[in-house]
Amino acid sequence: GNPNMWVNSQSDHLSVTNTLFYGAYIQLRPGANNVSNTIIKDCVFLEGHGDGIKTSSSDITGCKNFLLTNNIWISHIRDAVDTTGYFQSSIVDGDVFYNGKVSAFDLKSHPKSEDDKDEDYLNKDVTIKNCKFYESQNAIVCTTEDRSDVMTDPAVAAQYCVQEIY
């Protein structure tokens, strides 16, 4: 059978290279505790039953200074990369995304309380370059969710939407 998750790391300076991830609901979750300085390089993420990488489970924690480089993503039922929580000051360079059922890359912001409306919890300053996207339902999606009515003022909502994506 398939596990729920292959790797669940809550440590800074995680480095994963030349690794095959096959199956699992979430193949790698590197951001369950506000981690930074993560490198994922030359890996293959194959046939995830959910997301390839999910930066957080459902809370506002996430990742900073994250480097994804030269990875291959094939056939994920949800997103190849889902940045639930936040994803900041990060680079995706030279990755290839193929046959994503929902999206290849989902930059997702979703403050759940007034305390979450802090610049430290935004998806921002993300560079995506030299990547290729094939046969995915959506390539790059920027999602801002307000399930708790904390961004009812349009000016506040604009401030906390996904931003600074290059």
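Just so we're clear, the structure is a prediction, and the values are computed from it rather than from any experiment.

A. Structural context of the environment of glycine 94. Mapped onto the elements, glycine 94 comes out in the loop between strand 11 (87-93) and strand 12 (96-98). For the pair glycine 94 and lysine 129, spaced 35 residues apart in the sequence, the C-alpha separation amounts to 6.6 Å. Contacts of glycine 94, omitting those with residues within four sequence positions, involve Asn70, Asn71, Lys129, Asn130 and Cys131.

B. Structural detail: the pattern of salt bridges. This structure, assessed with the given rule, holds four salt bridges. The salt bridge involving arginine 78 is made with aspartate 51; its shortest N-O contact spans 3.5 Å. Separated by 27 residues along the polypeptide, arginine 78 in the loop between strand 9 (72-74) and strand 10 (79-82) and aspartate 51 in strand 7 (residues 51-54) bring together distant segments of the chain. Assessed through its relative accessible area of 1%, aspartate 51 is described here as buried. Between aspartate 82 and lysine 54 there is a salt bridge, and its shortest N-O distance comes to 2.9 Å. One end of the pair, aspartate 82, is in strand 10; the other, lysine 54, is in strand 7, with 28 residues separating them in the sequence. Among the charged side chains, a salt-bridge network with shared partners connects Asp51, Lys54, Arg78 and Asp82.

C. Representation of the sheet that holds strand 3 (residues 20-22) in the model. Strand order across the open sheet formed by five strands is 3-6-9-12-15, with parallel pairing between neighbours. The two strands at the open ends of the sheet, each matched to only one other strand, are strand 3 and strand 15 (132-134). Recorded for the sheet is a direction-independent mean angle of 5 degrees between the axes of neighbouring strands. When strand 3 meets strand 6 (residues 44-46), the two strands line up parallel, connected through three bridges. If you follow phenylalanine 21 over to strand 6, its bridge partner there is phenylalanine 45.

D. Representation of the nonpolar core within the structure. Judged by nonpolar contacts, the single largest core of 25 residues is most densely connected at Ile40, Leu68, Phe97 and Phe105. Of all the secondary structure elements, the ones that give two or more residues to this core are strand 5 (35-41), strand 8 (63-69), strand 10, strand 11, strand 13 (103-109) and strand 14 (124-129). Dropping the residues within four chain positions of it, phenylalanine 97 is found in contact with Trp73, Ala80, Val81, Val92, Ala104, Phe105, Cys131, Lys132, Phe133, Tyr134 and Ser136.

E. Spatial organisation of the side chain of threonine 38. Tracing the sequence through the fold places threonine 38 in strand 5. Those residues in contact with threonine 38, other than ones at most four positions away along the chain, are Leu14, Pro30, Asn65, Phe66 and Leu67.

F. The pairing of strand 11, seen in detail. Two elements, strand 8 and strand 11, share five bridges in a ladder whose sense is parallel. Among the inter-strand pairings, threonine 69 is bridged to a residue of strand 11, identified as aspartate 93. Sheet topology note: the strand 11/strand 14 ladder contains five bridges and is parallel. Looking at the pairing, aspartate 93 lines up with lysine 129 of strand 14.

Conventions adopted
- Residues numbered from 1 in each chain as written.
- Predicted model: local features only at pLDDT ≥ 70, side-chain atom pairs only at ≥ 80, totals over all residues.
- Heavy atoms only, no water.
- Helix = DSSP H or I, 4+ residues; strand = E, 2+ residues; numbered from the N terminus.
- Contact = heavy atoms within 4.5 Å.
- Salt bridge = Lys/Arg side-chain N within 4 Å of Asp/Glu carboxyl O.
- Buried < 20%, exposed > 50% of the residue type's maximum accessible area, 1.4 Å probe, protein only.
- Pairing = 2+ DSSP bridges.
- Axes fitted to C-alpha atoms, helices over the stretch in contact; angles between N-to-C directions.
- Core = buried A, V, L, I, M, F, W, Y, C linked by side-chain atoms within 4.5 Å.

By themselves, these are just geometric observations and shouldn't be taken as functional.
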